[in-house]
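Now for the letters of each chain:
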Amino acid sequence: MALAPLLVAILRNGSNGDVLDSSGANLSAITVGQAFWLGYVCGIVWYLGSCYWIYNTMHLYGGLSAALSVGILLLFAMYLGLYHGIFAALLARIAKPRGDLSDPRERQKAMRRALYSIPFLWVAVELARAHITGFPWDLLGTSQVGNVPLAFVSRWTGVYGVSFAIALVNTAFAAALLAHARRRHELLGVALVAAIIFQAGALIHPRPLRWTHKAMLVQANIPVLNEGWTVQYFDKIISDLQAASVFVNNEPHPEPRLIVWPESPAPFYIPDPKFRQALADVAESQKAFVLAGSLGVDHPEGREAVSALLNSAVLTKPDGSLGLRYDKIHLVPFGEYVPFKRLFSFAGKITKDVGDFTPGRDRTIFELDGHKVGVFICYESVFPDEIRMFPKRGAEVLVNISNDGWYGESGAPGQHLNMARMRAIENNRWVLRATNNGITAAIDPFGRLVDEAPRNVRRGMEGRYAFISEPTFYAKHGDWFAYLSVVVALIASFVRWSVRGGVLR
């Protein structure tokens, strides 16, 4: 019911006890501008509360001063808070009567129209945040990853369908609080029943799913901040990761055998012979495929062409030979590149320990003895419409490599994990998640953590999984539901359906 207070604040002044002027205009109704500011402040509070960890990232790991880090966090919240403001403004517009302003029936119709529009409007704004701003972090539906029956809606609609359901229940609460006193208790009872039914799914725990394979997920735990990489330190890290890549008792497992090294701050360049030999040694000794977070380098033709640095995952085959490489497509702004460098020249320090990366172009599908694997890197896990492309292209299991060390000891690693869990549910796929310092886990298609490693330790963990070939409806068709919501929201906001004199207004 977290949205209900905002909805009531926007709609209450136009519902009961209206004060009308001589022309019939509602003097007590909130204006579109007032609604925008109300929603905007709500959005600022929302993002300051859920993304407070940006301060740690900027200050502790970006090397910025405390004052500048606070300023960046505030600017971030003020920017994304605009989406809440737009939602509130459009809702107030829809709630404005389109006929005779003095007619109570017209005002009631407008109120019903606004209430019906809320779930569609909320989903439309979430989709805009994902595609325009590129930050679909903590979408409302992600909160239900532990509610298996409700989260299953995402296999048809993506996470946006779950957001719709939550907004719908909040609309029911708002409608009850806005109703006349004689109906309020009745509507509030309906809203409570709906909330209980939806939330009751969290009490349902399906049986564990059958697994067929085990992968070795290596948690590197390499410090994000490092004064310098000596040859000795590099060799020690490699030696530790090799030791952590050994299967328990080296007991036989069904083929293919898979080892995953995470994304990390280590200078693991793919062209480096020492790094490639280390991967080959692990692959040959364990008779396994090794997927490793690494740094790809492209050398364009031409004397004056500049080499491109890529955030990559490279495959080494059991015979030690080098396989395909996936280059991260969706880079982190101000983390892996600086957009509009002239405008944000001060932000160059933020990427000093990461590099200035070039985005990849292709969603590589890796072949493991006839099975197909899709890999997504770190921040890419928050984009549902991008991750679903891997199962659509045949990926039978998903691998997520990430370096969550940049978040520090905050709630961000858990938030990031929950978004990976939602991708597992949406696509009906096992997700093998190897991170630098946690949370490393094997996630089943119900979004449950089957295996989990303790944070901030260097170790290997055997993660159970299975291959699944059939893509879900969402994997095949993408964000159709979210775009349908956009259409409904636009119609409700800007099209007048009242017919006067045979003219559609």
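Before reading further, recall that the structure is shown in the block above.
Here the structure is a predicted model, which means the values were calculated and not measured.

(A) Spotlight on the sheet that holds strand S2 (residues 258-261). Overall, mixed pairing links the six strands, which are arranged S5-S4-S3-S2-S1-S12 in an open sheet. Where the open sheet ends on each side, the last strands, each with one partner, are strand S5 (322-327) and strand S12 (459-465). Between one strand axis and the next, the sheet turns by 30 degrees as a mean value, whatever way the strands run. Where S2 lies against strand S3 (residues 289-298), four bridges are found, and the strand directions are parallel. Residue pairing for S3: Leu258 is matched across the bridge by Phe289. Against the sheet, helix H11 (residues 273-286) contacts S2, S3, strand S4 (308-316) and S5, and its axis sits at roughly 165 degrees relative to S3.

(B) Spotlight on unusual backbone geometry. Backbone torsion omega between Gly438 and Ile439 reads 15 degrees, so that peptide bond is classified as cis. Looking at where Ile439 falls in the secondary structure, it is placed in the loop between strand S9 (431-435) and strand S10 (441-443). The backbone of Asp138 sits at a positive phi, close to 55 degrees, despite the residue not being glycine. On the accessibility criterion, Asp138 (19% relative accessible area) is buried. Here Asp369, not a glycine, exhibits a phi torsion of approximately 50 degrees, which is positive. Inspection of the secondary structure puts Asp369 in the loop between strand S6 (365-368) and strand S7 (371-377).

(C) Up close: the nonpolar core. Among the nonpolar cores identified, the biggest contains 55 residues, and Ile10, Leu11, Cys51, Ile54, Phe87, Leu91 and Trp137 are the most heavily contacted of them. Among the elements that make up this core, the one with the highest residue count is helix H4 (residues 66-94) (12 residues). Leaving out residues up to four positions away in the same chain, Leu91 has contacts with Leu7, Ile10, Leu11, Ala114, Ile118 and Leu121. Formed by 40 residues, the second largest nonpolar core is a distinct cluster that contains Tyr326, Phe376, Leu398 and Ala466.

(D) Seen up close, the pattern of salt bridges. A full pass over the atoms with the stated rule returns 14 salt bridges. A salt bridge links Asp235 to Lys274; the nearest nitrogen and oxygen atoms lie 3.1 Å apart. Of this pair, Asp235 sits in helix H10 (residues 231-244) while Lys274 sits in helix H11, and the two are 39 residues apart along the sequence. On the basis of relative accessibility, which here comes to 38%, the residue Lys274 falls in the partly exposed class. Salt bridges sharing partners connect three or more residues here, namely Lys236, Asp240 and Arg458.

(E) Spatial organisation of H10. With 14 residues, H10 should reach 20 Å at 1.5 Å per residue; the first-to-last C-alpha distance of 20 Å fits that figure. Those residues of H10 that fall on the buried side of the exposure criterion are Phe234, Ile237, Ile238, Leu241 and Ala244. Mapping the buried residues of H10 onto a view down its axis gives an arc of 130 degrees, with all of them on the same face. Turned more than 90 degrees from where H10 packs its buried face, Val231, Gln232 and Ala243 sit exposed. Along its buried surface, H10 packs onto strand S1 (213-219), S2, H11 and S12.

(F) Expanded view of the pairing of S6. Note that S6 and S7 share four bridges and pair antiparallel. From the neighbouring strand, Phe366 faces S7, where its bridge partner is Val373. From the end of S6 to the start of S7, which pair antiparallel, there are two residues, and Asp369 there has a positive phi angle of about 50 degrees.

Cut-off values and rules
- Residues numbered from 1 in each chain as written.
- Predicted model: local features only at pLDDT ≥ 70, side-chain atom pairs only at ≥ 80, totals over all residues.
- Heavy atoms only, no water.
- Pairing = 2+ DSSP bridges.
- Helix = DSSP H or I, 4+ residues; strand = E, 2+ residues; numbered from the N terminus.
- Axes fitted to C-alpha atoms, helices over the stretch in contact; angles between N-to-C directions.
- Contact = heavy atoms within 4.5 Å.
- Buried < 20%, exposed > 50% of the residue type's maximum accessible area, 1.4 Å probe, protein only.
- Core = buried A, V, L, I, M, F, W, Y, C linked by side-chain atoms within 4.5 Å.
- Salt bridge = Lys/Arg side-chain N within 4 Å of Asp/Glu carboxyl O.
- Expected span 1.5 Å × (residues − 1).
- Arc of directions from axis to C-beta.

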